[in-house]
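So the chains spell out like this:
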Amino acid sequence: MSVTFGAQADTATSEVVVRDDGTTTVERPPVETGEFLVSDLVEIVKVDPRVILDIRYATTSNFAGEKVYPEARAFLQRPAAEALKRAHDRLQAQGYGIIIYDAYRPWDVTKKFWDITSQDKKEFVADPARGSRHNRGCAVDVSLYDNKTSKPVAMPTDYDEFTDRAYPTYAGGTEESRKHRELLRNAMEAEGYKIYSSEWWHFDFQGFEKYRIMNLSFSEIN
């Protein structure tokens, strides 16, 4: 037996299903009202070929343990992609480049992540009843590579580690890893991104609320 009720979040409303075990889920993307900008998703490597893609969700090497993307591709709304390129320019001048783990994410994948994540770890995944900034094409998960070797640099954690070590304010780890984390954050925030409070790798672009939540597959993006 399950019951449903409306969930309100900003301009988005979604039907929430309460399951027999007390957990909640939704069956479709939230309905949004208001005026939104026309989506202009672009492939990041076409805006900035210097980025290195490490799209974990196109492999089984991720917290879900299965392939959830059919292809290793990454998209952002054009202003967000151009800002990422400018942040990359800053980092290149200091000897580093950007690795991309994830960017635009279809809503169906956000729902899947929510449903498989335990209640005590849900701060690390977006509630599909509200949608994710990834679903709007305005969030990107990134790290750094060394220009000399093209290899990833040390960070306080690996990507998608759901512990307090992933917090941008985590004071542990090595001095080198914290330095890299701050270097990345400074470059991204200088170009209009804001770091997510639970993940050093996740950055949201300013104005994300101007774009709709989307559920386009990669193959549907022109």
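Everything here concerns the structure above.
The structure contained in this document is the topic of the report that follows. This one's a predicted model, so the numbers in the text were calculated from it and none came from an experiment.

How each quantity is defined
Residues numbered from 1 in each chain as written. Predicted model: local features only at pLDDT ≥ 70, side-chain atom pairs only at ≥ 80, totals over all residues. Heavy atoms only, no water. Buried < 20%, exposed > 50% of the residue type's maximum accessible area, 1.4 Å probe, protein only. Helix = DSSP H or I, 4+ residues; strand = E, 2+ residues; numbered from the N terminus. Pairing = 2+ DSSP bridges. Salt bridge = Lys/Arg side-chain N within 4 Å of Asp/Glu carboxyl O. Contact = heavy atoms within 4.5 Å. Axes fitted to C-alpha atoms, helices over the stretch in contact; angles between N-to-C directions. Expected span 1.5 Å × (residues − 1). Arc of directions from axis to C-beta. Phe/Tyr/Trp six-rings, centres within 6.5 Å; stacked < 30°, edge-to-face > 60°. Polar contact = N/O pair within 3.5 Å; in protein donor to acceptor, adjacent residues only side chain to side chain.

### Some words on unusual backbone geometry
Argument step 1. A positive phi angle is found at serine 150, which is not glycine, with a value near 65°.
Argument step 2. Under the relative-accessibility criterion, serine 150 is labelled partly exposed at 44%.
Argument step 3. Notably, aspartate 160 is not glycine yet its phi reads approximately 60°, a positive angle.
Argument step 4. Residue placement: aspartate 160 occurs in the loop between β9 (139-146) and α4 (175-190).
Argument step 5. Exposure remark for aspartate 160: the relative accessible area of 12% places this residue in the buried category.

### Topic: the pairing of β9
The side chains of a regular strand alternate, residue by residue, between the two faces of the sheet.
Argument step 1. Within β9, seven of the eight residues are buried, which leaves the element mostly enclosed by the surrounding structure.
Argument step 2. One ladder, built from six bridges, connects strand β8 (residues 96-102) with β9; its direction is antiparallel. In the strand pairing of β9, tyrosine 96 is matched with aspartate 146.
Argument step 3. Here three bridges tie β9 to strand β11 (residues 199-205), and the two strands are oriented antiparallel to one another. If you follow aspartate 141 over to β11, its bridge partner there is histidine 202.

### Some words on the pattern of salt bridges
Argument step 1. In this structure the tally under the stated criterion is 19 salt bridges.
Argument step 2. Residue arginine 90 is joined to glutamate 191 by a salt bridge in which the shortest nitrogen-to-oxygen separation is 2.7 Å. Remark: glutamate 191 occurs in the loop between α4 and β10 (193-196) and arginine 90 occurs in helix α2 (residues 78-92); sequence separation between them is 101 residues.
Argument step 3. One salt-bridge network, in which partners are shared between bridges, spans Glu43, Lys46, Glu71 and Arg73.

### Topic: the sheet that holds strand β6 (residues 52-53)
Argument step 1. Spatial strand order, β6-β8-β9-β11-β10: five strands in an open sheet with mixed pairing. Edge strands, defined here as strands with exactly one partner in the open sheet, are β6 and β10.
Argument step 2. Contacting β8, β9, β10 and β11, α2 runs over the sheet at an angle of about 145° to β8.
Argument step 3. The strands touched by α4 are β8, β9, β10 and β11; relative to β9, the strand with the most contacts, the crossing angle is about 130°.

### Let's talk about α2
For an α-helix the count is 3.6 residues per turn, leaving residues at separations of three or four pointing the same way.
Argument step 1. Under the 1.5 Å per step criterion, the end-to-end length of α2 is 21 Å for 15 residues, consistent within 8% with the ideal 21 Å.
Argument step 2. Ala80, Ala81, Ala83, Leu84, Ala87, His88 and Leu91 are the residues of α2 that are buried. What you see down the axis of α2 is that its buried residues fit within an arc of 160°, all on one side.

### Things to note about the packing of aromatic side chains
Argument step 1. Scanning the model with the defined rule gives 15 aromatic pairs in all.
Argument step 2. Measuring from ring centre to ring centre gives 4.8 Å for tyrosine 69 and phenylalanine 218, while their planes differ by 55°; the resulting arrangement is tilted. Here the residue tyrosine 69 occupies a position in the loop between β6 and β7 (75-77), and phenylalanine 218 occupies one in the segment after β11, the gap between them amounting to 149 residues.
Argument step 3. Of the residues examined, tyrosine 69 reaches a relative accessible area of 2% and is grouped as buried.
Argument step 4. On the accessibility criterion, phenylalanine 218 (3% relative accessible area) is buried.
Argument step 5. A ring pair is formed by tyrosine 159 and tryptophan 201, whose centres lie 5.4 Å apart and whose planes are at 75°; its orientation type is edge-to-face. Within this pair, whereas tyrosine 159 is found in the loop between β9 and α4, its partner tryptophan 201 is found in strand β11, the two being separated by 42 residues in sequence.

### Description of the side chain of aspartate 204
Argument step 1. Following the sequence through the fold, aspartate 204 ends up in strand β11.
Argument step 2. Reaching out from aspartate 204, the side chain makes a polar contact with the side chain of histidine 202 at a distance of 2.7 Å.
Argument step 3. Non-local contacts of aspartate 204, meaning those with residues more than four positions away in its chain, are made with Arg133, Cys138, Ala139, Gly192, Tyr193 and Lys194.

The quantities given are spatial measurements derived from coordinates; they are silent on function.
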